[in-house]
Amino acid sequence: GQYSSNGMYEVEGQPAVADWRKGPQALFRLSGPNYFATLGIPLMRGRDFTGADSYDAPFVAIVSQSLVRRSFPNEDPIGKQIRCGLDSPKWMTIVGVVKDVRSLSPDKSPEAELYMPLAQHPFMANELQVAMRVAPGVKPESLSEAVRAKVREENPVIAVRFTTLDAMLSGSIGGQRFRAFLLTAFAGVALMLAMAGVYGVMSYVTTQRMSEMGLRMALGAGPSSLLMLILGRVLWLGVGGLVIGLAGAMAASRALAGMLFGLQPLDFGTYALVSAVVLAVTALSALGPAWKATRVDPVIALRQE
């Protein structure tokens, strides 16, 4: 099970802070044995909570890597004393270190976390989250009725709400997913408008240079050489526009950093892929007008001037 809160903590032997707003802050978690193994959170050092960590036993705690980096940058935290203002002024011995997790949201960086045994802090057990891991191939929803029946056996007045980790994750990123959908939709419209614009401009430019094309064909230039000439000039224009666009995208990347879960604001692989797609779209948009220009009779093209 788990219960969540947050606040300031204090480490024995380190200078005390008079103003709690300026002291080190952490997310407080109350959990039970096997909680980390159930959720797949690696135990980096020390031990997990056990049934021996009862209310009458010495108080213990497990900390995250972020808390270790903040308060124990050059020392082993195992065996150190720590306390917080959750519900008890007792000092707790750190017995383990777990890997950081994104508890608040996938798009937010991990924060310092202080885990404590639920059995040693029973006054906060008014709302619990019980985590269960199902066997491969078993749908979590199929166990909801069995879980509710088990809870009713223990205490029929307890309210139960059943959900899955996938549903919680989906709900936590619903806003980001909707914004990404809108951004993708508008980007698609912008791409189609850009293709129409490139096609129109290339048709106009090709028509204006029809006499040049006729003269080149009259002098022996073949359709393939003319096609490569037109496409080469188009791609040079595309490269120029792409350089300007990439400069603007990099300048605006920090404003979009919160929507780029799993990517860095300056992800060069993404920029390379987008650049290749833009150049391909530019070439395809100009291919029709260029091919049309190579099929015109040289005599008719020369007479248009």
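Preceding this paragraph is the structure being described.
No experiment lies behind these values; they were computed from the predicted model shown.

Criteria and cut-off values
- Residues numbered from 1 in each chain as written.
- Predicted model: local features only at pLDDT ≥ 70, side-chain atom pairs only at ≥ 80, totals over all residues.
- Heavy atoms only, no water.
- Buried < 20%, exposed > 50% of the residue type's maximum accessible area, 1.4 Å probe, protein only.
- Helix = DSSP H or I, 4+ residues; strand = E, 2+ residues; numbered from the N terminus.
- Pairing = 2+ DSSP bridges.
- Core = buried A, V, L, I, M, F, W, Y, C linked by side-chain atoms within 4.5 Å.
- Contact = heavy atoms within 4.5 Å.
- Phe/Tyr/Trp six-rings, centres within 6.5 Å; stacked < 30°, edge-to-face > 60°.

Draft legend 1. Looking closely at the pairing of strand S4 (residues 60–64). Counting buried positions over the five residues of S4 gives five, a clear majority of the element. On S4, burial covers both faces: Val60, Ile62 and Ser64 on one face and Ala61 and Val63 on the other are all buried. As judged from the five bridges shared by S4 and strand S6 (residues 92–98), these two strands associate in the parallel manner. Looking across to S6, one finds that Ile62 is bridged to Gly96. Taken together, the two bridges between S4 and strand S7 (residues 113–117) define a ladder with antiparallel strand orientation.

Draft legend 2. Fine view of the nonpolar core. If you look at the biggest cluster of nonpolar residues, it comprises 21 residues, and the most contacted ones within it are Tyr9, Leu67, Ile82, Cys84, Met92, Leu114 and Met116. At the level of secondary structure, the elements contributing two or more residues to this core comprise strand S1 (2–11), strand S2 (25–31), S4, helix H2 (65–71), strand S5 (81–84), S6 and S7. The residues contacting Leu114, other than those within four sequence positions of it, are Tyr9, Ala26, Leu27, Phe28, Arg29, Ala61, Ile62, Val63, Leu67, Ile82, Cys84 and Met92. Counting residues in hydrophobic clusters, the runner-up holds ten residues, among them Met217, Val234, Ala286 and Ala290.

Draft legend 3. Expanded view of the environment of Met116. Structurally, Met116 is set in strand S7. The buried category is assigned to Met116, whose relative accessible area is 0%. Excluding residues within four positions of it along the chain, Met116 makes contact with Phe28, Arg29, Leu30, Ser31, Phe49, Val60, Ala61, Cys84, Leu86, Met92 and His121.

Draft legend 4. Up close: the packing of aromatic side chains. Inspection of the entire model under this criterion finds four aromatic pairs. Considering the side-chain rings of Tyr35 and Phe36, the 5.6 Å spacing of their centres and the 70° angle between planes classify their relative orientation as edge-to-face. Classification of Tyr35 as buried rests on a relative accessible area of 8%. Take Phe36: its relative accessible area is 2%, and that puts it in the buried class.

Draft legend 5. Region of the structure containing unusual backbone geometry. You will see that Asn34, though not glycine, has its phi angle at about 70°, which is positive. Position of Asn34 relative to the elements: it lies in the loop between S2 and helix H1 (35–39).

So, to be careful, I would describe these as geometric facts and stop short of saying anything about function.
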